[in-house]
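Observations on the three-dimensional arrangement
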Amino acid sequence: MKTDSLFQSVKLGPYTLSSRIVLPPLTRSRSTQPGNIANELMATYYQQRAGAGFMISEGTQIEPRGQGYAWTPGIYSKAQIEGWRKVTEAVHAAGNIIFAQLWHVGRVSHTSLQPEGAAPVAPSAIAASNVKVFIETGPGAGALAEPSAPRALTNTEVKELVQLYAQAARNALAAGFDGVELHCANGYLVNQFISEHSNQREDEYGGSLQNRLRFLKEIVTAVAEVVGAERLGVRFAPLFASTDEERVYMGLLETDPQATYIAAIKILEDAGIAYLSIAEADWDNAPELSDEFRRNVRQTFSGCIIYAGRYTAQRGVQTVDAGLGDLIAFGRAFIANPDLPKRIANDWPLNEVNPATMYGGTAEGYIDYPAYEE
Ligand SMILES: Cc1cc2nc3c(=O)[nH]c(=O)nc-3n(C[C@H](O)[C@H](O)[C@H](O)COP(=O)(O)O)c2cc1C
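Scope of this entry: the structure provided in the associated data block.

What counts, and at which threshold
- Residues numbered from 1 in each chain as written.
- Predicted model: local features only at pLDDT ≥ 70, side-chain atom pairs only at ≥ 80, totals over all residues.
- Heavy atoms only, no water.
- Helix = DSSP H or I, 4+ residues; strand = E, 2+ residues; numbered from the N terminus.
- Rg over C-alpha atoms; globule rule 2.2 N^0.38 Å.
- Buried < 20%, exposed > 50% of the residue type's maximum accessible area, 1.4 Å probe, protein only.
- Areas by Shrake-Rupley, 256 points an atom, 1.4 Å probe, with all protein chains shown as cover.
- Lys, Arg positive; Asp, Glu negative; His and termini not counted.
- Charge placed at Lys NZ, Arg CZ, Asp CG, Glu CD.
- Polar contact = N/O pair within 3.5 Å; in protein donor to acceptor, adjacent residues only side chain to side chain.
- Arc of directions from axis to C-beta.
- Contact = heavy atoms within 4.5 Å.
- Pairing = 2+ DSSP bridges.
- Near = heavy atom within 4 Å.
- Axes fitted to C-alpha atoms, helices over the stretch in contact; angles between N-to-C directions.

Some details on the overall build of the chain
Broken down by element type, the chain carries 12 helices and 14 strands. A compact globule built from 374 residues would reach a C-alpha radius of gyration of about 21 Å, and the chain, at 19 Å, matches this within 12%. Dimensions of the chain along its principal axes, counting C-alpha atoms only, are 60 × 50 × 40 Å. Burial statistics for the chain: of 374 residues in total, 57% are counted as buried. Looking at the chain as shown, the accessible area adds up to about 14600 Å², and 50% of this sits on carbon and sulfur atoms. Measuring between centres, the 31 positive side-chain charges of the chain sit 3 Å from its 42 negative side-chain charges.

Section: the side chain of Arg107
With respect to the secondary-structure elements, Arg107 resides in the loop between strand S5 (98–103) and strand S6 (121–122). By relative accessible area, which is 0% here, Arg107 ends up buried. At a separation of 3.4 Å, a polar atom in the side chain of Arg107 contacts the main-chain carbonyl oxygen of Ala127.

Remarks on helix H10 (residues 313–321)
Taken as a whole, H10 has its buried residues at Ala313, Gly316, Val317, Thr319 and Val320. One side of H10 carries all its buried residues, which in axial view fall inside an arc of 165 degrees. Close packing links the buried residues of H10 with helix H9 (291–300), strand S13 (304–308), strand S14 (327–329) and helix H12 (340–346).

Description of the pairing of strand S10 (residues 179–183)
Burial analysis of S10 places five of its five residues in the buried class, which makes it a mostly covered element. Burial along S10 is two-sided: the face carrying Gly179, Glu181 and His183 and the face carrying Val180 and Leu182 are both buried. As defined by bridge partners, S5 adjoins S10 across four bridges and the pair is classed as parallel. Its bridge partner lying in S10, Phe99 is registered against Gly179. Pairing of S10 with strand S11 (residues 232–236), which is carried by four bridges, proceeds in the parallel orientation. The residue of S11 that forms the bridge with Leu182 is Val234.

Overview of the site of the ligand
With respect to spatial proximity, 18 residues lie near the ligand, and among them Pro25, Thr27, Arg235, Arg310 and Arg332 are the closest. Pro25 has a polar backbone atom sitting 2.8 Å from an oxygen atom of the ligand. With respect to the ligand, the side chain of Arg235 contributes an N or O atom lying 2.8 Å from an oxygen atom. Within the complex, 92% of the 610 Å² of free accessible area of the ligand lies under protein.

Section: the environment of Gly106
Here Gly106 is to be found in the loop between S5 and S6. Given a relative accessible area of 0%, Gly106 falls into the buried group. Along the backbone, Gly106 and Pro355 are 249 residues apart, and their C-alpha atoms lie at a distance of 25 Å. What Gly106 contacts, discounting residues up to four positions off in sequence, is Pro120, Val121, Leu189 and Gln192.

Brief notes about unusual backbone geometry
Backbone phi values are negative for most residues with the exception of glycine, while trans is the configuration of most peptide bonds. Following Gln33, the chain continues into Pro34 via a peptide bond in cis, with omega recorded as -5 degrees. Inspection of the secondary structure assignment puts Pro34 in the loop between strand S3 (21–23) and helix H1 (40–48). For Ser29, which is not glycine, the phi torsion reads 55 degrees and is therefore positive. Inspection of the secondary structure assignment puts Ser29 in the loop between S3 and H1. A positive phi angle, near 60 degrees, is found at Asn130, a position not held by glycine. As for its placement among the helices and strands, Asn130 is situated in the loop between S6 and strand S7 (133–138).

A look at the sheet that holds S11
Strand order in the closed barrel formed by eight strands is S3-S4-S5-S10-S11-S12-S13-S14, and the pairing between neighbours is parallel. The average angle at which neighbouring strand axes cross in this sheet is 25 degrees, direction not considered. As judged from the four bridges shared by S11 and strand S12 (residues 275–279), these two strands associate in the parallel manner. Residue pairing for S12: Phe236 is matched across the bridge by Ile278. Along the sheet, helix H2 (residues 78–93) makes contact with strand S4 (54–61) and S5, crossing S4 at roughly 175 degrees. On the sheet, helix H8 (residues 257–271) packs against S11 and S12 and is oriented at approximately 175 degrees with respect to S11.

Now the structure itself:
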């Protein structure tokens, strides 16, 4: 198969990327405890994958309340910034760049992960459904649990959160990251503000579409002031569901995803950010995005567009050749194949991912996936 189009260079903000193959944000839950601190093991993992054209860190919580799964790394304490510096230095030594994915889970959390066992925070006091979080049940042991009932953020707290995003962006630069991505996808906090199902606020952050997009707009503006719009990306997961069960994925419901996300993307275009990342639904039989929607996205946004979600190299080539996307991210394939770009270039076979070692644990299933040997 011809994969040349995935190996053409492309500009992303001030950076020139050597290929179109992206390491997307992948939570692996291997931070050092206590303190949720990035470490040497993680630096090795990222360095092994530095053959990517562009790299984004796993979701890193911007504050203690932003955590929804055991052992995920944060980016709010001094020790966490120092820990991340190990990762960014390893990636830079390998000649690549890496952005930090700034994450706040909102209501997709559990009291056992929250400061003083408090309720998770959310736009409205509505619990997430159709999702499980991963909690710690003992040293090194975890289990799936229902998310706890959240409480609604006050208006003042929402404004404080905007500042927490800006501070996390400052921390990311201090840790040596080359830019940041705002995690606005997959049912987490920003997504919870956007969706009319999880956001039933009566202040200026709820109600009309414009109001539901206000939190997004404010954090994009605040973070762009810190890192520069040319070093900023945003990730969305527009979901075009065909059944009610899919529609309430993570408890979210979009009555009109097309109108919602094109309006959201206009905000990014006006801010002039470097890239838009679209996470497509990735489970079996997931609803697909239409080409009409993708063309609309392309017409609305002039920066780089990344697509992810069950891509094969071939589907990636098609998307790039059709001009619908600029970059293609491979998630599970990159977990299992540290040398994925080389394998794609040479049409070498791929290792299978082991789901049992995806979240939490040791070096096993993390840094021991072998590179291809001819
Ligand atoms: C183990 C695992 C962890 C993930 N963690 C994150 C994350 O922290 N942030 C995020 O935006 N997406 C996350 N995702 C979604 C991936 O970035 C990607 O969109 C998804 O895996 C689909 O791509 P794939 O089909 O090539 O695996 C995760 C996916 C997996 C499998």
